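# Working through the structure, step by step
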Amino acid sequence: MDKNELLTQLQALRQKLHEMAEARGNLTDPDVLAISEEADRVIIVLQQMQVKGKASR
């Protein structure tokens, strides 16, 4: 997956996370946490890509 696809995926996850947290009224709801963890994984991949990009310069 390229950076733009990951950023698009992250934005969609952020929107879904916001909507679900608001609907559930609870940030510790298992479904809310699952989306948050998925967003975290995407963020980590993006950070790794950034570090690798700086290392290859």
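Residues numbered from 1 in each chain as written. Predicted model: local features only at pLDDT ≥ 70, side-chain atom pairs only at ≥ 80, totals over all residues. Heavy atoms only, no water.

## Quick notes on the environment of Gln-50
Among the structural elements, Gln-50 can be located in helix H2 (residues 30-55). Classification of Gln-50 as partly exposed rests on a relative accessible area of 48%. Along the primary structure Gln-50 and Asp-29 are separated by 21 residues, whereas in three dimensions their C-alpha atoms are 31 Å apart. (Helix = DSSP H or I, 4+ residues; strand = E, 2+ residues; numbered from the N terminus. Buried < 20%, exposed > 50% of the residue type's maximum accessible area, 1.4 Å probe, protein only.)

## Regarding the nonpolar core
In this structure, Leu-6, Leu-10, Leu-13, Met-20, Ala-21, Val-32, Ile-35, Ala-39, Val-42 and Leu-46 together form the largest nonpolar core, which totals 10 residues. Put simply, the parts of the chain that give this core at least two residues each are helix H1 (3-24) and H2. Ignoring sequence-local partners within four residues, the contact set of Val-42 consists of Leu-6, Gln-9, Leu-10 and Leu-13. (Core = buried A, V, L, I, M, F, W, Y, C linked by side-chain atoms within 4.5 Å. Contact = heavy atoms within 4.5 Å.)

## What to know about the pattern of salt bridges
For the coordinates displayed, the defined rule picks out 2 salt bridges. With a shortest N-O distance of 2.8 Å, Arg-24 and Asp-31 are connected by a salt bridge. Residue classification places Arg-24 among the partly exposed positions, given a relative accessible area of 40%. Given a relative accessible area of 39%, Asp-31 falls into the partly exposed group. (Salt bridge = Lys/Arg side-chain N within 4 Å of Asp/Glu carboxyl O.)

## Quick word on the environment of Asp-40
Residue position: Asp-40 is located in helix H2. As for Asp-40 and Arg-24, which are separated by 16 residues in sequence, their C-alpha atoms are 20 Å apart.

## Structural notes on H1
Compared with the 32 Å implied by 1.5 Å per residue over 22 residues, the 31 Å span of H1 between its first and last C-alpha is a close match. Within H1 the residues assigned to the buried category are Leu-6, Leu-10, Leu-13, Met-20 and Ala-21. All buried residues of H1 lie within an arc of 100° about the axis, which places them on one face of the element. Summarising the geometry of H1, the exposed residues directed more than 90 degrees from the buried face are Asn-4, Thr-8, Glu-22 and Ala-23. Buried residues along H1 sit against H2. A positive phi of about 70° marks Gly-25, the residue just after H1. (Expected span 1.5 Å × (residues − 1). Arc of directions from axis to C-beta.)

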